[in-house]
Amino acid sequence: MPIMTDAAAGSIVGVLPAFDGLMVQVSAPSGTDTTGVPPGGGVVGWVLVSDPETAGGARVDPVFLADGRAWTPDQYRAAYGQQFTFRVDRAH
């Protein structure tokens, strides 16, 4: 039985702060026009997102800074395209 049963798919159902030292790297397939697309930045939190297609009915996504605001991967893809992938790594 899924953990999240009442939330609509894509709804943020929980938020947690992040610890220092992590960043999101944004990448796209070779040949993708990335003009005007901001690079990823520091992780400032984590969100629990309702996702009926995921085991347990939810997934944890980073909240990261890019272009002067905080983004989730879903928000970033909605603004700049579905082709982008995200990886959380240690900040250099």
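Above this text you will find the structure in question.
So, here is what we can say about the structure in this document. Here the residue index of a chain counts from 1 through its sequence in written order. Only residues with pLDDT of 70 or above have their local features reported here, since the model is predicted, and side-chain atom pairs are shown and tallied only from 80 upward, although totals for entire chains, interfaces and linings are computed over all residues. Excluding hydrogens and water, the side-chain figures rest on all heavy atoms present in the structure.

A few points about the environment of A7
Mapped onto the fold, A7 is located in the segment before strand 1 (12-17). Linking A7 and Y76, residues 69 residues apart in sequence, is a C-alpha distance of 21 Å. Think of it this way: any DSSP run of H or I at least four residues long counts as a helix, any run of E at least two long counts as a strand, and we number them from the N terminus.

A word on the pairing of strand 4 (residues 58-66)
Between any two strands, pairing holds if DSSP finds at least two bridges. Judged from the 7 bridges that link them, strand 3 (residues 43-50) and strand 4 form a sheet pairing that is antiparallel. Opposite V47, over in strand 4, you have D61 as the bridge partner. Strand direction decides the pairing type here: strand 4 and strand 5 (residues 69-71), joined by 3 bridges, are antiparallel. Considered in strand 5, the bridge of A66 is made with R69. Hairpin remark: strand 4 followed by strand 5, antiparallel, with 2 residues in the connecting loop; positive phi at D67, about 55°.

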